[in-house]
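So the chains spell out like this:
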Amino acid sequence: MHSDNSKIKEIFKQLSFSEKQIKIIESVFHKVNFKKGDIILKADEKVDYQYYILEGCLRTYYIDKHGKEHTVQFGIKDWWISDYTAFFSTTNALMNIEVIQDATAYRISREDKEFLYAQIPEIETFFRIKLESAFAAFQKRILSNLSETATERYLNFIKKYPNIEKSIKNYHIASYLGITTESLSRIRKDLAKQ
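A quick note: this is a predicted structure, and the numbers were derived from the prediction, not measured.

Visitor: What is the right way to look at the confidence of the model for the chain in this model?
Guide: When pLDDT is low, close inspection of the predicted coordinates is not appropriate. Within the chain, residue pLDDT values average 91, and 97% of them lie at 70 or more. The element-level mean pLDDT for the chain is lowest in helix α1 (residues 5-11), coming to 78, with strand β2 (residues 39-41) highest at 97.

Visitor: Please explain the environment of Lys13 as it appears in this structure.
Guide: Tracing the sequence through the fold places Lys13 in the loop between α1 and α2 (19-28). Residue classification places Lys13 among the partly exposed residues on the basis of a relative accessible area of 32%. When the C-alpha atoms of Lys13 and Phe126 are compared, they prove to be 9.2 Å apart, with 113 residues separating the residues in sequence. Polar contacts involving the side chain of Lys13 include one to the side chain of Asp78, which spans 2.9 Å.

Visitor: How should I be thinking about the side chain of Lys113 in this particular structure?
Guide: Tracing the backbone through its elements, the reader meets Lys113 in helix α4 (residues 110-119). For the buried Lys113, which has no salt bridge, the nearest side chain bearing the opposite charge is Glu114, at an N-O separation of 7.2 Å. In terms of polar contacts, Lys113 uses its side chain to reach the side chain of Gln50, at 2.7 Å. Those residues in contact with Lys113 that sit more than four places away from it in its chain are Gln50, Phe87, Phe88, Ile108 and Phe127.

Visitor: Looking at this structure, I do not really get the environment of Asn33. What am I missing?
Guide: Along the polypeptide, Asn33 turns up in strand β1 (residues 30-34). Given the relative accessible area of 55%, Asn33 is considered exposed. The sequence separation of Asn33 and Asn96 amounts to 63 residues, and the corresponding C-alpha distance is 18 Å. Among all residues touching Asn33, those that are not within four sequence positions of it are Ala103 and Thr104. Within polar-contact distance, the side chain of Asn33 engages the side chain of Thr104 at 2.9 Å.

Visitor: I'm lost on a nonpolar patch on the surface in this one. Help?
Guide: A contiguous nonpolar surface patch, about 340 Å² in accessible area, is contributed by Ile142, Leu143 and Leu146. If you trace the backbone, Leu146 turns up in helix α5 (residues 121-147). On the accessibility criterion, Leu146 (70% relative accessible area) is exposed.

Visitor: Before we go on, may I ask you to explain α5 in this structure?
Guide: For an α-helix, the turn length of 3.6 residues means that residues three or four places apart are oriented alike. For α5, which comprises 27 residues, the first-to-last C-alpha distance of 39 Å matches the rise-based estimate of 39 Å (1.5 Å per residue) to within 8%. Restricting attention to buried positions, one finds in α5 the residues Ile123, Phe126, Phe127, Arg141 and Ser144.

Rules of the game
Residues numbered from 1 in each chain as written. Predicted model: local features only at pLDDT ≥ 70, side-chain atom pairs only at ≥ 80, totals over all residues. Heavy atoms only, no water. pLDDT = per-residue confidence, 0-100. Helix = DSSP H or I, 4+ residues; strand = E, 2+ residues; numbered from the N terminus. Buried < 20%, exposed > 50% of the residue type's maximum accessible area, 1.4 Å probe, protein only. Polar contact = N/O pair within 3.5 Å; in protein donor to acceptor, adjacent residues only side chain to side chain. Lys, Arg positive; Asp, Glu negative; His and termini not counted. Salt bridge = Lys/Arg side-chain N within 4 Å of Asp/Glu carboxyl O. Contact = heavy atoms within 4.5 Å. Patch = residues over 30% accessible without salt bridge, like charges linked within 9 Å, V, L, I, M, F, W, Y side chains within 5 Å. Areas by Shrake-Rupley, 256 points an atom, 1.4 Å probe, with all protein chains shown as cover. Expected span 1.5 Å × (residues − 1).

Structure below.
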């Protein structure tokens, strides 16, 4: 990270570190720039990294046996993204990660995270809390998909991702909501009438 203390502070909000700890963190976080359209992970590849998104937008998606894409997550500023099933279990990817807006991210490998945990225990606590929050969010999303109407899911989407709706493709949004682009257009038309 080349002595970029402000980025460390941005990534690890509410934590403070000694100069020695900052150097350790800088040694394992690597800045990467991506262009719109880049595929940074493909299904069946080894999952080497987890990414902290500094700017831009990425999406994680799954392609089913019929070739249909299912968007699982959008990753925006200050979010983390990876194929977590594969990252944590050291298996090959089930999902793909695509850059849908030019992005800057910091990546860290599983091994380097383990190294950080041993060197700076506060970081392990930080990631545990992030993981708990992400698990709760995924559980809420599953319940939403099971129990809410498409319109309710769309309204929750624009509340959760208020700044990206205008800059991503309709089929990505529809895929995330589990509906067709035609249904998405109909929902928007109906909401505009209200």
